[in-house]
Amino acid sequence: MKPSLTTETVRLDEQTKELVLIDQTKLPGEYTLLRLSKAEDIWEAIVHLRVRGAPAIGVAAAIGLYVVTDRFQTQDRGEFDQQFRAAKEYFASSRPTAVNLFWALDRMAQVVQRNPQATTDRLKTLLRDEAIAIQREDVDVCRRLGEYGLSLLQDGDGILTHCNAGQLATVKYGTALAPIHLGVQRGMHFHVYTDETRPLLQGIRLSAFEMQAAGVKTTVLCDNMASSVMQRGWVQAVLVGCDRVAANGDTANKIGTSGVAILANYYHIPFYVVAPTSTIDLTCPSGTAIPIEQRPPEEVTHMWYEASMAPAGVDVYNPAFDVTDHSLITAIVTEYGIAYPPYDKSLAALCSSSTE
Ligand SMILES: CSC[C@H]1O[C@H](OP(=O)(O)O)[C@H](O)[C@@H]1O
């Protein structure tokens, strides 16, 4: 089946009560849907980035927690709640950096806490409703991110992006790529430069695939070429996603993002982080407090080819993310508006407006 992105990246099959995912490890060559209902298979899909991207991970965890819970046999609330907590903690152990995972799991836990007298059957229905609400909210949030982000762009702009913060990182639209999708739907034209994003190549495999499918002029480049395209004046803005934004605006995103921000700052190119408020963690004071996932060395030394030139036994550094200092971020685009420095005030103000 020719890969396409017309379906939602993450969804619930309400008939079979399964979590349905596009297996992103197979893209762009193969479009495979996974239908999951076992906790260990859902955990594995998150750990191995079959589903990836902060919002998509959160939605997958919420739907996954529902499909697992729906198969609990006990009618006893004490046992049910204990099994629920165990499943929630298991999913929370999958990946540490994207705060959406914990945000979504906590929303599901609040349903259980708010309904201490509900029967287990009633609770299963409430958990299904919450998981679907989380999934549907993501579509509206990303569309609004697109609107605010588009207000920062001009028709014809060259846009550099890093990793994939598009439809495949969310339910639809994406975050950093949402302005592009929205602009193209309105007849605008952009030239997107996507870093390949070693070692898992989310840029060349996923963003390039997504942008080409949307009819956007797309150029892929090695990560070490970003300076060259900026130096030539081909880039008018950098748009990136995020996995956790600290209260002071420091932002964790795919490894290599902080280097792109330094380059953009040097070439006086605006650097925008596109952040649903579900990715803003006001309990995290600064980037040094953000847990950075360390991934297997083989992703650097063996992925995509038999084995790299790395000599046997050499140490390999493979952090999945790095933190971009808030001083390098021009603005943070949220679904409630655009935050400018000082971020410790502007993010708090935007997040408080989100609860009004
Ligand atoms: C819209 S969140 C996308 C964000 O998530 C990616 O990480 P991963 O592919 O490891 O899940 C990357 O940091 C993207 O910017």
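All residue numbers refer to position in the chain's written sequence, counted from 1. In keeping with the model being predicted, local features are shown solely for residues with a pLDDT of at least 70 and side-chain atom pairs are shown and tallied solely at 80 or more, while totals for entire chains, interfaces and linings include all residues. Only heavy atoms go into the side-chain values, all of them from the structure, while hydrogens and water stay out.

### Examining the overall build of the protein chain
- For the protein chain, the helix and strand inventory stands at eleven helices and 14 strands.
- Seen along its three principal axes, the alpha-carbon backbone of the protein chain occupies a region of about 65 × 50 × 40 Å.
- With a 1.4 Å probe rolled over the protein chains alone, any residue whose accessible area is under 20% of its type maximum counts as buried; one over 50% counts as exposed, and the rest are partly exposed. The buried share of the protein chain, reckoned over its 356 residues, is 58%.
- For this analysis, residues touch if any pair of their heavy atoms sits within 4.5 Å. Counting only contacts in the protein chain whose residues sit at least 6 apart along the sequence, the fraction spanning at least 24 positions is 75%. Secondary structure elements are defined from DSSP: runs of H or I of at least 4 residues count as helices, runs of E of at least 2 residues count as strands, and each element is numbered from the N terminus.

### Quick notes on the site of the ligand
- Near the ligand lie 18 residues; those nearest to it are Arg52, Arg95, Asp243, Asn253 and Lys254.
- Each polar contact in these results corresponds to two N or O atoms within 3.5 Å; when the atoms are within protein, one needs to be able to donate a hydrogen and the other to accept it, and residues that are neighboring in sequence are counted only if both atoms are side-chain atoms. In this structure, Gly53 approaches the ligand through a main-chain N or O atom, which is 2.8 Å from an oxygen atom.
- Within the side chain of Lys254, an N or O atom sits 2.7 Å from an oxygen atom of the ligand.
- Methods summary: accessible areas were calculated by the Shrake-Rupley approach with a probe of 1.4 Å, and residue burial reflects only the protein chains presented. In isolation the ligand offers 410 Å² of accessible surface; the protein chains occlude 100% of this area.
- All amino acids are sorted into three groups, where Ala, Val, Leu, Ile, Met, Phe, Trp, Tyr, Cys and Pro are nonpolar, Asp, Glu, Lys and Arg are charged, and the leftover types, Gly among them, are polar. Its residues assigned to classes, the shell around the ligand shows eight nonpolar, six polar and four charged.
- Taken domain by domain, the shell around the ligand gets at least three of its residues from each of domain 1 (10-141) and domain 2 (143-354). One heavy atom within 4 Å of a molecule or strand makes the whole residue count as near it. Domain delimitation in this document rests on an assignment produced automatically or drawn from a domain database.

### Some words on the domain arrangement of the protein chain
- Along its sequence, the protein chain is carved into domain 1 (10-141) and domain 2 (143-354).
- Averaged C-alpha coordinates put domain 1 and domain 2 at centres separated by 25 Å.
- On the domain 2 side, the residues contacting the 28 residues of domain 1 number 35 residues.
- Two parts placed together each lose some accessible area; with a 1.4 Å probe, that loss summed over both constitutes the buried area. Interface area for domain 1 against domain 2, summed over the two sides, is near 2,500 Å², with a carbon-plus-sulfur share of 56%.
- Three residues stand out in domain 1 for area buried against domain 2, namely Arg52, Thr97 and Val141, and they jointly supply 25% of the buried area on that side.

### A short note on the side chain of Ser258
- Looking at the element boundaries, Ser258 is found in helix 9 (residues 257-266).
- Overall, Ser258 belongs to the buried group, its relative accessible area being 17%.
- Filtering out sequence-adjacent residues up to four positions away, Ser258 remains in contact with Asp322, Val323 and Thr324.

### As for the UniProt feature "site: Transition state stabilizer" (unreviewed entry) in the protein chain
- UniProt positions are given in the numbering used here, feature names are shortened, and annotations may be inferred rather than shown by experiment. Under the local residue numbering, the UniProt record ascribes the feature "site: Transition state stabilizer" (unreviewed entry) to Cys163.
- Ignoring sequence-local partners within four residues, the contact set of Cys163 consists of Arg52, Thr194, Asp195, Thr197, Gln202, Gly203, Ser207 and Lys254.

### Some words on the pairing of strand 4 (residues 158-161)
- The side-chain alternation of strand 4 yields two buried faces, one formed by Gly158 and Leu160 and the other by Ile159 and Thr161.
- Strand pairing requires that DSSP identify at least two bridges connecting the strands. Taken together, the four bridges between strand 4 and strand 5 (residues 191-195) define a ladder with parallel strand orientation. Note on strand 5: the bridge partner recorded for Gly158 is His191.

### Observations concerning the sheet that holds strand 6 (residues 217-221)
- One open sheet holds the seven strands; their spatial order is 6-5-4-7-10-13-14, and the pairing between them is mixed. The strands lining the two open edges of the sheet, one partner per strand, are strand 6 and strand 14 (337-339). Ignoring which end each strand starts from, the neighbouring axes of this sheet average 25° apart.
- Sheet topology places strand 13 (residues 331-334) next to strand 14; three bridges connect them, and they run antiparallel. Axis definition: a line fit to C-alpha positions, over the contact stretch in the case of helices; interaxial angles, taken between N-to-C directions, run 0 to 180 degrees.

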